[in-house]
Amino acid sequence: MGTDLHELLRSLRVWDPEVTELPALDPAAATSEPLPLFTRWLAEVAAAGQREPHTMSLATADADGLPDVRIVMLHGADADGWSFATHAHSRKGGHLAVRPYAALAFHWPALGRQVRLRGPVATAPAEEAQADLHARSTGALAAALTGRQSDLLGSVEELARASDEAWERARREPDAPAPSWTLYRLRPDEVEFFQGDARRRHVRLRYRRTGEGWARELLWP
């Protein structure tokens, strides 16, 4: 007998107190800029056992305004923005070429937290993208060298052959260039920190960029 989807959904718990800690977020004690708070939260959720806390949802839109979303890895965050990478000819690369604006979302259920950002996206210089790629694993380089991201694939065998060749080259040439590999930086106009509360009194702290720096605002949950 198949699974009843609605019955399954009703059986699932959110923030089970036996496995989930819900720390308090005091807006008055929050940092004046979002990056230090983001760095602290990332460290805390990693220490709490959150798996792959550096992965995030990336939302873009195509030329017609139709949205798309996928999971990517955070490559860094500094005054220039939050960084991620992909091939320029991938679907998301194509979206960003015509609409250079995006949104990011981190979901950290281990502590009942989310962080959401949105803002314009710019490309880093090509040499920075290559340096970032070559600082990563052999597998990351092999994946970049395989290329053709988002193109139609004829068969899994075709992928296996291309991947094997890319792995061999990555091991043989650890500095091999991947010309279409692009490092993007999202410079947020807004950053929202969401801290869940067991009584549903969630704290939503939004940082909004202004001409003088950052304004901090509370939002109703």
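For every chain, the first residue of the written sequence is number 1, and numbering continues from 1 along that sequence. Owing to the predicted nature of the model, reporting of local features is limited to residues with pLDDT of at least 70; listing and counting of side-chain atom pairs is limited to 80 or more, with chain, interface and lining totals taken over all residues. Side-chain numbers come from the whole structure's heavy atoms, not from hydrogens or water.

(A) Representation of the pairing of strand β2 (residues 67-73). As paired strands, strand β1 (residues 55-61) and β2 are joined by 7 bridges and run antiparallel to one another. Looking at the pairing, A59 lines up with V69 of β2. DSSP-based pairing: two strands are paired if at least 2 bridges between them are found. Secondary structure elements are defined from DSSP: runs of H or I of at least 4 residues count as helices, runs of E of at least 2 residues count as strands, and each element is numbered from the N terminus. Counting the residues between successive antiparallel strands, the hairpin from β1 to β2 contains 5 residues, one of them, G65, with a positive phi of roughly 85 degrees.

(B) Summary view of the packing of aromatic side chains. When the centres of two rings from Phe, Tyr and Trp lie within 6.5 Å, Trp using its six-membered ring, the rings pair. Their planes under 30 degrees apart give stacked, over 60 give edge-to-face, and anything left gives tilted. Evaluation of the coordinates by the stated rule reveals 8 aromatic pairs. Measuring from centroid to centroid gives 5.5 Å for F38 and W82, while their planes differ by 80 degrees, and the two rings are edge-to-face. One end of the pair, F38, is in helix α2 (residues 34-47); the other, W82, is in strand β4 (residues 81-87), with 44 residues separating them in the sequence. Residues F38 and W82 agree in their burial class; the two are buried. Among the aromatic residues, those joined into a ring-pair cluster are F38, W82, F106 and W108. For the exposure calls, accessible area comes from a 1.4 Å probe over protein chains only, and a residue counts as buried if that area is under 20% of its type's maximum, exposed if over 50%, partly exposed in between.

(C) Examining the environment of P27 more closely. Secondary-structure assignment places P27 in the loop between α1 (5-11) and α2. Since its relative accessible area comes to 23%, P27 is described here as partly exposed. Through-space distance from the C-alpha of P27 to that of V203 is 8.2 Å; in sequence the pair is 176 residues apart.

(D) The pairing of strand β6 (residues 113-123), seen in detail. In terms of strand pairing, strand β5 (residues 101-108) meets β6 through 8 bridges, oriented antiparallel. Residue A103 lies in a different strand from β6, and its bridge partner there is R118. Joining the antiparallel neighbours β5 and β6 is a turn of 4 residues, in which G112 adopts a positive phi near 65 degrees. In this sheet, strand β8 (residues 190-195) lies alongside β6 in antiparallel orientation, the contact comprising 6 bridges. When the sheet's bridge partners are listed, Q114 is paired in β8 with F194. By the bridge criterion, 3 bridges tie β6 to strand β7 (residues 181-186) in an arrangement that is antiparallel. Residue V121 lies in a different strand from β7, and its bridge partner there is L186.

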